[in-house]
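Architecture at a glance
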Amino acid sequence: MNDFWNDEKDIQTELELVHDLIISTVDKAQGFIRPVLHSHVKTQGKLLRPALVLITSNLSGETDRNQAVRIASVLEFIHLASLVHDDIIDSAQKRRGNLTVFAQVGAKQAVLAGDYLLACAMSLLTGKEADMDNVVVSNALVRLCESELNQDAGQGNFFISEREYFKRIAGKTASLFALSCYAGSSTAKLPRELRKRCHRIGYSLGMAFQIQDDILDFTGSESKLGKTIGNDLRCGIPTLPLILALKTENEKSTLERPLHDLLAKNKSLSASATKKAVSLVLSLGGVEQAKVVADRYGNRALNDIQSLQHEKVEKQLSSLFEKLSIRSR
Ligand code: FPP
Ligand code: MG
């Protein structure tokens, strides 16, 4: 098991059950796709979504732990399916150091493999999912797909509004974080108002997490990230540091707009143009401004977490927040 959860033994133990359930579900697949799916699901990330389900499911003592583990696995399966599809869209050869499903079997089979993982998620549902509101569940998936469609359709257009960016990351990341917290609190049979608050916590955490991730594309260490700096820019994907840097450049009274001019010329950037754009974004303060926005979402999450008035869950969510380094340092 990945050591991210080493200091939270309860969660780590249940995440191992999630992992086992995922492996045993995938191992029911027939034929050549089984080892391919197996290779994709066996390398775990931080298991953030199932962990959020498990943590919030502890908000009462009324949770059926088997049900919480099952629902946590459903959330991870949805995420795993979306990554298979995402790697096709991005033509990605590697994920977490391994060959992607796309690289192993090509686009056609990878589409089906992603669908298969979505079917695995559904196979774990019993129809009596802790009285969850179907609209909340289906909205999360609709937003996830919509945001990927928008991002893909807009690829190469660097000039999007902050509003459009927030909408995209809300769909791409915050929607599943929010659904995870909602699902966990539903297994705990919390009243509707508290489930809504948990949904909001997941949403704010997801927004802060994605902005932080987008900041790392400008400031991170290439060896730790496993990707090159400026990867989003190179692929024609605008993120918050860029949007805010462009805004600053536009507001300056000088006539020169080197960042604007560089991006207006190209739909995707060469290595040297990317380097230049990254350095302009940094010097225009795009990263610093994006950190302020990430902090705003982070603080909103922390306030809501405190209002749950549950010492253990508050400690676990706050330490997760710290470990993800969501707060800018
Ligand atoms: C990773 O983004 C992508 C996602 C978090 C969402 C992908 C969603 C879809 C492809 C929609 C399909 C949905 C289902 C349920 C099958 P990234 O490319 O920024 O991050 P990466 O560096 O991890 O690839
Ligand atoms: Mg990707």
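For the structure, see preceding data.
Everything in this summary refers to the structure shown in the same document. (Residues numbered from 1 in each chain as written. Chains lettered and ligands numbered in written order. Predicted model: local features only at pLDDT ≥ 70, side-chain atom pairs only at ≥ 80, totals over all residues. Heavy atoms only, no water.)

It is worth spelling out the overall build of the chain at this point. What the chain contains, in helices and strands, is 15 helices and two strands. The C-alpha radius of gyration of the chain comes to 20 Å, within 12% of the 20 Å expected for a compact globule of 329 residues. The dimensions of the chain, computed from C-alpha atoms along their principal axes, are 65 × 50 × 35 Å. The 329 residues of the chain split such that 52% are buried. Excluding contacts between residues fewer than 6 apart, the proportion of contacts in the chain whose partners are at least 24 apart in sequence is 73%. (Helix = DSSP H or I, 4+ residues; strand = E, 2+ residues; numbered from the N terminus. Rg over C-alpha atoms; globule rule 2.2 N^0.38 Å. Buried < 20%, exposed > 50% of the residue type's maximum accessible area, 1.4 Å probe, protein only. Contact = heavy atoms within 4.5 Å.)

On to the coordination of the magnesium ion (ligand 2), then. Note on the magnesium ion (ligand 2): its protein donors are Asp 86 (OD) and Asp 90 (OD). The metal-donor distances range over 2.0 to 2.1 Å. Taking the relative accessible area as the measure of exposure, Asp 86 reaches 15% and is therefore buried. Note on Asp 90: relative accessible area 44%, which makes it partly exposed. (Donors = N, O, S within 2.8 Å, 3.2 Å for Na, K, Ca; no water.)

This part is about the state of the cysteines. Tallied over the full model, the rule gives zero disulfides. Here Cys 181 is not cross-linked by a disulfide; its sulfur's nearest cysteine counterpart is in Cys 198, at 6.4 Å. (Disulfide = S-S within 2.5 Å.)

For helix α3 (residues 48-56), a buried count of nine out of nine residues is recorded, marking the element as mostly surrounded by other parts of the structure. Buried within α3 are the following residues: Leu 48, Arg 49, Pro 50, Ala 51, Leu 52, Val 53, Leu 54, Ile 55 and Thr 56. Buried residues along α3 sit in contact with α1 (9-26), α4 (65-89), α7 (162-187), α8 (192-219) and α15 (311-323).

Among the secondary structure elements, Ser 123 is positioned in helix α5 (residues 101-123). With 35 residues separating them along the chain, Ser 123 and Ile 88 place their C-alpha atoms 24 Å apart.

This brings us to the pattern of salt bridges. This structure, assessed with the given rule, holds 11 salt bridges. When the shortest N-O distance is used, the salt bridge between Asp 7 and Lys 323 registers 3.3 Å. Remark: Lys 323 occurs in helix α15 and Asp 7 occurs in the segment before α1; sequence separation between them is 316 residues. Owing to a relative accessible area of 58%, Asp 7 belongs among the exposed residues under this scheme. The partly exposed category is assigned to Lys 323, whose relative accessible area is 28%. A salt bridge links Asp 131 to Arg 195, with the shortest nitrogen-to-oxygen separation between them at 3.6 Å. Within this pair, whereas Asp 131 is found in the loop between α5 and α6 (134-153), its partner Arg 195 is found in helix α8, the two being separated by 64 residues in sequence. A residue is classified by how much of its surface remains accessible, and Asp 131, at 64% relative accessible area, is exposed. Here the residues in one salt-bridge network are Asp 86, Asp 87 and Arg 95, joined through shared partners. (Salt bridge = Lys/Arg side-chain N within 4 Å of Asp/Glu carboxyl O.)

Attention now goes to the packing of α7 against α8. To characterise two packed helices, one gives the angle between the axes of the helices and the distance between these axes. It is at 7 Å that the axes of α7 and α8 come closest, and there the two elements cross at 140°. As summarised for this structure, α7 and α8 are arranged oblique, according to the angle between their axes. In this structure, α7 crosses over α8, and the sense of that crossing is right-handed. Broken down by class, the residue content of the contact of α7 with α8 amounts to 16 nonpolar, seven polar and three charged. (Axes fitted to C-alpha atoms, helices over the stretch in contact; angles between N-to-C directions. Parallel < 35°, antiparallel > 145°, perpendicular 65-115°, else oblique. Left-handed = near helix turned anticlockwise from the far one by under 90°. Nonpolar A, V, L, I, M, F, W, Y, C, P; charged D, E, K, R; others polar.)

To continue, consider the packing of aromatic side chains. Summed over all chains, the structure comprises four aromatic pairs. Their ring planes at 80° and their centres at 5.2 Å tell us that Phe 4 and Trp 5 sit as a pair that is edge-to-face. Clustering of aromatic rings is evident, with ring pairs tying together Tyr 165, Phe 166 and Tyr 297. The ring of Phe 4 carries the charged tip of Lys 323 above its face, separated from the ring centre by 4.5 Å. The ring of Trp 5 carries the charged tip of Lys 323 above its face, separated from the ring centre by 4.8 Å. (Phe/Tyr/Trp six-rings, centres within 6.5 Å; stacked < 30°, edge-to-face > 60°. Lys NZ or Arg CZ within 6 Å of the ring centre and 35° of its normal.)

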